Amino acid sequence: MQSITVSELTGRIKSVLEADFQFVQVTGEISNFKHHSSGHFYFALKDENAQINALMWSSLNKALSFKPADGMKVIVKGRVTVYAKRGSYQIDILDMRVAGVGDIFLAFEQLKEKLRKEGLFDKSHKKPLPQFPERVVIITSETGAALQDFYRIASRRYPVISLMLINSKMQGAEAAMELISALETANDRKYSADVIVLARGGGSAEDLWVFNDESLARAIFRSNIPVVSAIGHEVDFTIADFVADVRAPTPSAAAEMILPDISELRRDVDEIDDSLTADINSKLSRLRKAIDSIEMSYHFRKPAERMKDLQLLLKTIDEGMRSALTSRISLLKIRLDNIENSYHFKKPADTLVNAAKRLDEIKIKLLQRVSAGLKDCSKSLDSSASLLSSYNPENVLKRGFAIVSKNGNVVQRNAMLEKGDSVGIRFYDGSSNAIINEKLKDIENKESKRPD
Amino acid sequence: MKTKKAKDQTESENFETAFRKLEEILNRLENEIPDYSIDKILEEYEEGVRLLKICRDKLKDAELRIAKIGAEEEDRK
């Protein structure tokens, strides 16, 4: 028998095997799985009694919805190929799916495990919900029941929030992309949201499948604002639920969890109000008591002046406090009262009163002086009048004197006259004319009488 | 000027801040401020009254409104 080379034999085996097993479908368990850095999968498929090498090129294995792992039972489709260099044969896999449990479930479990390992579900990454949210973004379908459910509870519990809606598809091929973009929008600073709700009503596993999307899970993880997942019913858990900061079983429950009860808060505020009043009251009554005891003490009694000041001040404070407590409406008014009542502000008022009093006194003195001055004036006027009347020529004439006039001029001196002058003589009761028939001697140096 | 400042303060204070400040005031009144610090007590009381008003304003009756945001922004409901 003629011998052939190894290559020849291997070549013949190769052509026989590859011709006969161009398409096989094999069920087996994965063992010794290797995901090579080149991207290709290398492993063995085995059952209880046999095993066969298997490989799946990266160009094909990228399309898989799950990641193979040791122990996994799979059904592979492919062809048998021979690797001449090693003298080995293997299955070159074209497609692979999980045998037994569904691919989808497995993919879910695997993604969950992967993300868990990466720490996306870690408690340390969970952001706390705000105690009193003000701006809430709900990402949901605007026509869905989830929005109505959330709205109903929210308007009952805490209608003072600003509720913003981002409409998104919640199932189907485009849903993941839309949800991711909605999460980015909700994170926009201009909305300054403090919590985001991903809400969707119940549905089939396929309907909710989008919430197991890896990119969506990462987008939820990236959100700077706490994300609450409210997807499906209580029994439904999705990847989104694990990565969300808080998982609510339903949209209604989400509203209950996120929002405080406004009526409770109103009660809280009233209680704070009461406590504030009570605190102030007790403080002031203690203070009043302390002041009373100081007031009674010997040392404060002695300097009477200081005591008076202190009492006034205390009274002012006391009054101020009383009105501060009884009237909450306007503290400003109370302060004004305080100021009005206070000792220091009363002082200027006293000064004013004194000044007014002094002014009155000055006024009276002034009046007195003026009237006295007026009296003097009238007295001197009277005497002037009688003097004036005594100077009246009529009165002089009455006493027996006469006025001699020449050419209309009063003749005051003998020197003014010449012999033969015609003169007028005026008496009290009439006038006569006369002629100077003789001029007697003038008396020299005799002063003329001052005319008045 | 003072009125404007007070107004700005009111706007910038949300319920949470005002609520916490109120609790702090209560705590200070109960544990820190001595009875004789009349000015301080009055000051705290005044601030307390102001904060209470903010809290009450934030809790006053309102109808929940939904504003649509994102690609197709518009008012709804």
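### As for the overall build of chain A
Line of reasoning, step 1. Within chain A, the regular secondary structure consists of 14 helices and 14 strands.
Line of reasoning, step 2. Of all intrachain contacts in chain A linking residues separated by at least 6 positions in sequence, the fraction that spans at least 24 positions is 60%.
Line of reasoning, step 3. Surface exposure of chain A reaches about 28,600 Å², of which carbon and sulfur atoms provide 55%.

### Here's the deal with the sheet that holds strand β12 (residues 409-410) of chain A
As a general point, the strands of a sheet are linked pairwise by backbone hydrogen bonds and lie either parallel or antiparallel.
All names here are of chain A.
Line of reasoning, step 1. Taking strand neighbours across the sheet as the criterion, the four strands line up as β12-β11-β13-β14 in an open arrangement whose pairing is antiparallel. Two strands bound the open sheet, and with one partner strand each, they are β12 and β14 (430-435).
Line of reasoning, step 2. Strand direction decides the pairing type here: strand β11 (residues 403-406) and β12, joined by two bridges, are antiparallel. Bridge pairing in β12 links Lys406 to Asn409.

### Digging into the pairing of strand β6 (residues 135-140) of chain A
All names here are of chain A.
Line of reasoning, step 1. Counted residue by residue, β6 has five buried out of six residues, so it is predominantly covered.
Line of reasoning, step 2. One ladder, built from six bridges, connects β6 with strand β7 (residues 162-167); its direction is parallel. Bridge pairing in β7 places Thr140 opposite Asn167.
Line of reasoning, step 3. Each parallel crossover has a hand, and for β6 linked through helix α4 (residues 145-157) to β7 it is right-handed.
Line of reasoning, step 4. Sheet topology note: the β6/strand β8 (residues 195-200) ladder contains four bridges and is parallel. Across the sheet, Val136 pairs through a bridge with Val195, a residue of β8.

### Looking at the packing of helix α2 (residues 15-31) of chain B against helix α3 (residues 38-58) of chain B
Residue and element names in this part refer to chain B.
Line of reasoning, step 1. Contact geometry of α2 with α3 gives a least axis separation of 9 Å together with a crossing angle of 150 degrees. Overall, the two elements α2 and α3 adopt an arrangement that is roughly antiparallel. In the packing of α2 onto α3, the handedness of the crossing is left-handed. Facing Phe15, Ala18, Phe19, Lys21, Leu22, Ile25, Arg28 and Leu29 of α2, the residues of α3 in contact are Ile41, Glu44, Glu47, Gly48, Leu51, Leu52, Ile54, Cys55 and Lys58.
Line of reasoning, step 2. By residue class, the composition of the contact of α2 with α3 is eleven nonpolar, one polar and five charged.

### As for the side chain of Ser229 of chain A
Residue and element names in this part refer to chain A.
Line of reasoning, step 1. Within the secondary structure, Ser229 is located in strand β9 (residues 227-231).
Line of reasoning, step 2. The class of Ser229 is buried, set by a relative accessible area of 0%.
Line of reasoning, step 3. Side-chain polar atoms of Ser229 contact the side chain of Asp241, separated by 2.5 Å.

### Digging into the pairing of β7 of chain A
Line of reasoning, step 1. With three bridges connecting them, β7 of chain A and strand β1 (residues 66-68) of chain B associate as parallel partners. Paired with Met164 of chain A across the strands is Ala67 of chain B, a residue of β1 of chain B.

### Observations regarding the pattern of salt bridges
Residue and element names in this part refer to chain A.
Line of reasoning, step 1. All chains considered together, the criterion is met by 25 salt bridges over all chains.
Line of reasoning, step 2. Lys406 serves as the salt-bridge partner of Asp421, at 3.0 Å between the closest nitrogen and oxygen. Of this pair, Asp421 sits in the loop between β12 and β13 (422-427) while Lys406 sits in strand β11, and the two are 15 residues apart along the sequence.
Line of reasoning, step 3. A relative accessible area of 16% places Asp421 in the buried class.
Line of reasoning, step 4. In this structure Lys406 comes out as partly exposed when scored by relative accessible area, which is 22%.

What counts as what
- Each residue is numbered by its place in its chain's sequence as written, counting from 1.
- Here the convention is simple: chains get letters from A, ligands get numbers from 1, in the order in which they are written.
- Thresholds applied to this predicted model are a pLDDT of at least 70 for local features of residues and 80 or more for the giving and counting of side-chain atom pairs; totals over whole chains, interfaces and linings are not thresholded and use all residues.
- Side-chain calculation: all heavy atoms of the structure are included, whereas hydrogens and water are not.
- Numbering goes from the N terminus for both helices and strands, where a helix is a DSSP run of H or I of at least four residues and a strand is a run of E of at least two.
- By the convention used here, residues are in contact when the closest approach between their heavy atoms is within 4.5 Å.
- With residues, only the protein chains shown are counted as cover, and all accessible areas are computed by Shrake-Rupley using a 1.4 Å probe.
- If DSSP finds at least two bridges between two strands, the strands pair.
- Type-normalised accessible area, obtained with a 1.4 Å probe on protein chains alone, sets the label of each residue: buried when under 20%, exposed when over 50%, and partly exposed for intermediate values.
- Handedness of a crossover: with both strands directed away from the viewer, a clockwise path from the first strand across the helix to the second marks it as right-handed.
- Here the axes come from fitting lines to C-alpha atoms, over the contacting stretch only for helices, and the angles between their N-to-C directions go from 0 to 180 degrees.
- Orientation categories follow fixed angle ranges, with anything under 35 degrees roughly parallel, anything over 145 roughly antiparallel, 65 to 115 roughly perpendicular, and all other angles oblique.
- If you view the pair so one helix is near and one far, a crossing is left-handed when the near helix is turned anticlockwise from the far one by less than a right angle, and right-handed when it is turned clockwise.
- Charged residues are taken to be Asp, Glu, Lys and Arg, nonpolar residues to be Ala, Val, Leu, Ile, Met, Phe, Trp, Tyr, Cys and Pro, and polar residues to be all remaining types, Gly included.
- Whenever a nitrogen or oxygen atom comes within 3.5 Å of another N or O atom, the pair is scored as a polar contact, on the condition that within protein one atom can donate a hydrogen and the other can accept it, and that pairs from neighbouring residues in sequence are kept only if both atoms are in side chains.
- By salt bridge we mean one thing: a side-chain nitrogen of Lys or Arg within 4 Å of a carboxyl oxygen of Asp or Glu.

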